[in-house]
Amino acid sequence: MTATGVRQAATVRLPGSAEVGSGPADSRSGLADSRSGLADSRSGLADSRSGLADSRSGLGDPRSGLADSHPGPADLRAAAARIAPYVLHTPLLPGPATAVGGPCLLLKAEHLQPAGSFKVRGAANAVLALGADRVVTGSSGNHGIALARLARTLGIRLTVVLAAGAAPAKAAAIRALGAQTLRVGGGVAEREERARALASEQDAVLIPSSDHPLVVAGQGTVGAEVLADAPDTQTVYVPTGGGGLLAGVCLATDGRPVRVVGVEPAATPRYARSLAAGRPLQLPPSTTVADGLRGQRPGSVPYPIIRDRVDDLIAVGDAEILAAAALLRRYGIDAEPSGAVALAGALRAGRRERAVAVVSGGNTPARLHDLHLTHPHSKEHTS
């Protein structure tokens, strides 16, 4: 933040390239308050705008899974209380230094969650607030696993729609936990379209993996824990796919002198390109090794929150992601590739700072195999 409290334009960087959207026309970046034309009263980050007390936790039509309002700080506090029995307050573990002479990076260990990823936070907040007995979702895997664990505990009927490229081991894990899976052709966009249609057909509640205020509020508890445990943090690096976690961390750091940096796979930088264009863009399906971050289009709930708060967006290639995962293993952390993306971004940035990278998931083949051995599973359906 500057002395006047006005957030400056962030840079958007791709591997081996100049800044994206940083050419002569500043209006291309879409990341500065002065270019967005949004006063503080319209930022969606003030308590006065949230209007989302616990009594209104449904946040719009629960059957649609969408809402007209964005979550605010009060909703993060409500989410933290609501999900406490179902999630861990994960530790900050010591990691590598990102610059010579700099402090060691801290690693937010979300891979230790019972469902293997941070996704259990948003899933639990939505399920518990909506009180659904039948749920449909679209997922790359981890959101489906988180919902399946909750559904098993709470007696909820769950169907998870998967895109053609979803990891078979994650699909099997979802079925092992008692949920049904339905695989569709195409990418994430086709998956989400089928999930919406199926929820309508089944009169079920749709709980998207990121594009819902309750999901964003639940994911924001990651950021709240980081600031509670390391209040002197200067930068938080956040893996970015659908944008629910990044938006949540943006909300959690609102009004705090903390840089928030989203890290995307270079194969699918949907937020970098959308913010540079000044509007949400849909990218083609990708095959990045970070299978949990293959979203094609920013969500309608996360996008404005990220647009108004994020400081920087960094893209990292598959080789950098795999190298970061290997480095995490040297520190005793068995993260899946998506879970290593934030570390890859921090290493690419190479700043001397007190920083935290979110290790978002640890659903590795070994962990998923153990789950298969523990629970029987049913056959997958196709559509």
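Predicted model only: the values in this text are computed from it and were never measured.

### Here's the deal with the overall build of the chain
Next up, step 1: Summing up its helical and strand segments, the chain has 14 helices and 12 strands in all.
Next up, step 2: Restricting the contact set of the chain to residue pairs at least 6 apart, pairs at least 24 apart contribute 72%.
Next up, step 3: Taken as a whole, the chain presents about 14700 Å² of accessible surface, with 52% of it coming from carbon and sulfur.

### Points about unusual backbone geometry
Next up, step 1: The phi dihedral of D203 falls on the positive side, at around 55°, and the residue is not glycine.
Next up, step 2: The residue D203 is located in the loop between α7 (188-202) and β7 (205-206) in this model.

### Quick look at the pattern of salt bridges
Oppositely charged side chains can pair when the atoms bearing their charge come close.
Next up, step 1: If you walk through the whole model with that rule in mind, you get 15 salt bridges.
Next up, step 2: The salt bridge partner of E353 is R259, with a shortest N-O separation of 3.8 Å. Residue E353 is found in the loop between α13 (341-349) and β11 (355-359), and its partner R259 is found in strand β9 (residues 259-265); the two are separated by 94 residues along the sequence.
Next up, step 3: Taking relative accessible area as the criterion, E353 reaches 4% and is therefore assigned buried.
Next up, step 4: Residue R348 is joined to E320 by a salt bridge in which the shortest nitrogen-to-oxygen separation is 3.0 Å. Taken as a pair, R348 in helix α13 and E320 in helix α12 (residues 318-330) lie far apart in primary sequence, 28 residues in all.
Next up, step 5: Overall, the relative accessible area of 32% leaves R348 in the partly exposed class.
Next up, step 6: Three or more residues joined by partner-sharing salt bridges are found here, namely K108, E110, R121 and E225.

### Considering the pairing of strand β3 (residues 104-109)
Next up, step 1: Note: strand β2 (residues 92-97) against β3, 4 bridges, orientation antiparallel. Bridge pairing in β3 places P94 opposite L106.
Next up, step 2: By the bridge criterion, 4 bridges tie β3 to β11 in an arrangement that is parallel. Bridging across to β11, L107 finds its partner in A357.

### Looking at the layout of surface pockets
Next up, step 1: The space that makes up the largest pocket amounts to roughly 720 Å³.
Next up, step 2: Every residue lining the largest pocket is counted, 44 residues in all, and those nearest its centre are V188, R191, S209, S210 and G242.
Next up, step 3: Secondary-structure elements contributing two or more residues to the lining of the largest pocket are α5 (142-154), α7 and α9 (244-252).
Next up, step 4: Top contributing element to the lining of the largest pocket by residue count: α7, with 5 residues.
Next up, step 5: By residue class, the composition of the lining of the largest pocket is 11 nonpolar, 24 polar and 9 charged.

### Brief notes about the packing of helix α3 (residues 73-83) against helix α4 (residues 119-130)
Next up, step 1: Their axes nearest at 9 Å, the elements α3 and α4 cross at an angle of 85°. Taken together, α3 and α4 sit at an angle that is classed as roughly perpendicular. On α4, the residues touching A79, R82 and I83 of α3 are R121, A124, N125, L128 and A129.
Next up, step 2: Its residues assigned to classes, the contact of α3 with α4 shows 5 nonpolar, 1 polar and 2 charged.

### A closer look at the confidence of the model for the chain
Next up, step 1: Confidence along the chain averages 84 in pLDDT terms, with 79% of residues attaining 70 or more.
Next up, step 2: Segment residues 1-9: pLDDT under 50, and 11 contacts once partners within four positions in sequence are set aside and those in other chains are kept.
Next up, step 3: Contacts for the low-pLDDT stretch residues 16-68, under 50 throughout, to residues beyond four places or in other chains number 95 contacts.

### Points about the pairing of strand β4 (residues 134-138)
Next up, step 1: β4 sits mainly inside the fold: 4 of its 5 residues count as buried.
Next up, step 2: Relative to strand β5 (residues 157-162), β4 runs parallel, the two sharing 5 bridges. Following the sheet pairing, R134 is matched in β5 by R157.
Next up, step 3: Handedness of the crossover joining β4 and β5 through α5 is recorded here as right-handed.
Next up, step 4: Of the pairings in the sheet, the one linking β4 to β7 comprises 2 bridges and is parallel in character. Bridge assignment links V136 to a residue of β7, and that residue is L206.

### Comments concerning the nonpolar core
Next up, step 1: If you look at the biggest cluster of nonpolar residues, it comprises 34 residues, and the most contacted ones within it are V135, I145, L158, I174 and I207.
Next up, step 2: Elements represented by at least two residues in this core include exactly α4, α5, β5, α6 (168-176), α8 (213-229) and α14 (365-374).
Next up, step 3: Considering every element that reaches this core, the biggest residue donor is α4, with 7 residues.
Next up, step 4: Residue contacts for L158: discarding those within four places in its chain leaves V135, T137, G144, L147, A148, A151, A179 and Q180.

### Let's talk about α6
Next up, step 1: Summarising burial for α6: 7 of the 9 residues are buried, a large majority.
Next up, step 2: Within the sequence span of α6, burial applies to K170, A171, A172, A173, I174, R175 and A176.
Next up, step 3: Once α6 ends, the next one or two residues include G178, with phi positive near 100°.

### Quick notes on the side chain of Q219
Next up, step 1: When you line up the elements, Q219 lands in helix α8.
Next up, step 2: Owing to a relative accessible area of 0%, Q219 belongs among the buried residues under this scheme.
Next up, step 3: What Q219 contacts, discounting residues up to four positions off in sequence, is F118, K119, R121, G122, S209, G244, L245 and G248.

Calculation rules
Residues numbered from 1 in each chain as written. Predicted model: local features only at pLDDT ≥ 70, side-chain atom pairs only at ≥ 80, totals over all residues. Heavy atoms only, no water. Helix = DSSP H or I, 4+ residues; strand = E, 2+ residues; numbered from the N terminus. Contact = heavy atoms within 4.5 Å. Areas by Shrake-Rupley, 256 points an atom, 1.4 Å probe, with all protein chains shown as cover. Salt bridge = Lys/Arg side-chain N within 4 Å of Asp/Glu carboxyl O. Buried < 20%, exposed > 50% of the residue type's maximum accessible area, 1.4 Å probe, protein only. Pairing = 2+ DSSP bridges. 1 Å grid on protein atoms, 1.4 Å probe; cavity = no way out; pocket = protein on both sides within 12 Å on 5 of 7 lines; lining within 4 Å. Points joined across faces, edges and corners; volume = space filled by probe spheres on them. Nonpolar A, V, L, I, M, F, W, Y, C, P; charged D, E, K, R; others polar. Axes fitted to C-alpha atoms, helices over the stretch in contact; angles between N-to-C directions. Parallel < 35°, antiparallel > 145°, perpendicular 65-115°, else oblique. pLDDT = per-residue confidence, 0-100. Right-handed = clockwise from strand over helix to strand, strands pointing away. Core = buried A, V, L, I, M, F, W, Y, C linked by side-chain atoms within 4.5 Å.

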